[in-house]
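# An overview of the molecular structure
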Amino acid sequence: MTQKKKDASAKKETVQSQVKKDVVLNPNNIKSVAIMCSGGDAPGMNVVIRSAVRTALGMGLKPYGINRGWSGLLEGDVVPLDASSVGNIMQKGGTILQTSRCPEFHEPEIRKEAANILRRKGIDALIVCGGNGSFNGAWKLHSEHDIPIIGIPGTIDNDISGTDYSIGFDTAVQTAVEAVDKIRDTAHSHARTFIVEVMGRKSPAIALHVGVSCGAENIVFPNDHIDFEAIHADIARGMDRGKQSSIIIVAEGETPGLCYDIKRKLADDYDISSHLCILGHIQRGGKPTALDRFRACRMGYRAIKALMDGERASVTAYLEGDVKLVPFSNCLENKKEYEKPFLELVKLLAI
Ligand code: F6P
């Protein structure tokens, strides 16, 4: 064999062994990945984006960002990202990619269009950071069009089934706790009762955690029967033993504003005057806590690693203190358990 032929055959062997290595490391043969946020924003989403983009770069993938969730994808709003596009964003609330709620994505025809756009843009795989509504869309897109998709739980409500944690919850609770502490100062100074409404459309998780952490006298869930007699008795007992303030935490439920009804009823039927504070979207903003940042870094990394390992449709769930991959089907519902035992804790500690 001539030297030229020897060189050519050596080169061929190297290329073949590289291909084999790539297939083993990257059975999905993914060369590009796009990340998007969807649904309500949550503090820590930027950390997820940074982690996924930099892990992708480290593993030789071309990362893209999809602006404004499914709505942006349908408009082809897909941009290439590099290490500097995600620099200096960890400490910032919101999401640099922005987000949206996109009811049209329930339509199969719309999802088909989305899949075509991804193919036209040369995107091989998708990472979706959002809640269970976003995961429903992602799961359908994968099932119908075989696009590899990894979901990362991101919602302040922490209400996704199949994961103990979703990015943003700790920050939202911290923000609300700081606000309620301030309300307690003024409530005490004026010997007042305050009703504070916190977020959580289908979940009382924020209300429970804030109520326990702030020593609230009562926590109210919109879907439950509200025991006004018990609320009245708790406030009266506290006053009898010299308490100067009472805080009632209300989970907003489907229609924010329940606190107005509670205020009216307490005044009309029990002669209790109260002040109101609806914390609202303040809970969705602000710099993520260290806990949210740490878990977001781990989930972003795990999502890319999963794609490289050949996963085609999973969620980076937080379970038993670790980030684990679980099927989408585990995460498409709202969490059912209401952590009701915390209510007893609140009652016992607020005497
Ligand atoms: O993202 C979750 C959440 O903040 C819920 O707690 C709240 O009920 C809902 O979103 C509000 O949504 P929007 O900002 O679209 O009104």
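As the structure is a prediction and not an experimental result, all values here were calculated from the model. (Residues numbered from 1 in each chain as written. Predicted model: local features only at pLDDT ≥ 70, side-chain atom pairs only at ≥ 80, totals over all residues. Heavy atoms only, no water.)

A cluster of like negative charges, contributed by Glu104, Glu107, Glu109 and Glu113, occupies part of the molecular surface. By the element assignment, Glu113 lies in helix H4 (residues 108–120). Residue Glu113 is classed as partly exposed on the basis of its relative accessible area, which comes to 38%. (Patch = residues over 30% accessible without salt bridge, like charges linked within 9 Å, V, L, I, M, F, W, Y side chains within 5 Å. Areas by Shrake-Rupley, 256 points an atom, 1.4 Å probe, with all protein chains shown as cover. Salt bridge = Lys/Arg side-chain N within 4 Å of Asp/Glu carboxyl O. Lys, Arg positive; Asp, Glu negative; His and termini not counted. Charge placed at Lys NZ, Arg CZ, Asp CG, Glu CD. Helix = DSSP H or I, 4+ residues; strand = E, 2+ residues; numbered from the N terminus. Buried < 20%, exposed > 50% of the residue type's maximum accessible area, 1.4 Å probe, protein only.)

What follows deals with the sheet that holds strand E8 (residues 246–251). Taken in spatial order, the four strands of this open sheet run E7-E8-E6-E9, and their pairing is parallel. Pairing within the sheet leaves two strands with one partner each, and these edge strands are strand E7 (218–220) and strand E9 (274–278). Ignoring which end each strand starts from, the neighbouring axes of this sheet average 20° apart. Strand direction decides the pairing type here: strand E6 (residues 193–198) and E8, joined by six bridges, are parallel. What sits directly across from Val198, in E8, is Ala251. (Pairing = 2+ DSSP bridges. Axes fitted to C-alpha atoms, helices over the stretch in contact; angles between N-to-C directions.)

What the domain assignment reports for the protein is domain 1 (22–168 + 288–331) and domain 2 (170–285). The straight-line distance from the C-alpha centre of domain 1 to that of domain 2 is 35 Å. Each partner contributes to the interface: domain 1 provides 13 residues, whereas domain 2 provides 14 residues. Inspection of the domain 1/domain 2 interface yields one salt bridge. (Domains from an automatic or database assignment. Contact = heavy atoms within 4.5 Å.)

In the region of the ligand, the neighbouring residues are Gly40, Arg101, Ile156, Asp157, Met199, Gly200, Arg201, Glu252, His281 and Arg284. Between an oxygen atom of the ligand and a side-chain N or O atom of Arg201, the distance comes to 3.3 Å. Between the ligand and Arg284, the relevant distance is 2.9 Å, taken from an oxygen atom to a side-chain nitrogen or oxygen of the residue. For the ligand, whose accessible area on its own is 400 Å², the fraction buried by protein is 79%. For the shell around the ligand, the residue count by class is two nonpolar, three polar and five charged. Residues lining the shell around the ligand come from more than one domain, with at least three contributed by each of domain 1 (22–168 + 288–331) and domain 2 (170–285). (Near = heavy atom within 4 Å. Polar contact = N/O pair within 3.5 Å; in protein donor to acceptor, adjacent residues only side chain to side chain. Nonpolar A, V, L, I, M, F, W, Y, C, P; charged D, E, K, R; others polar.)

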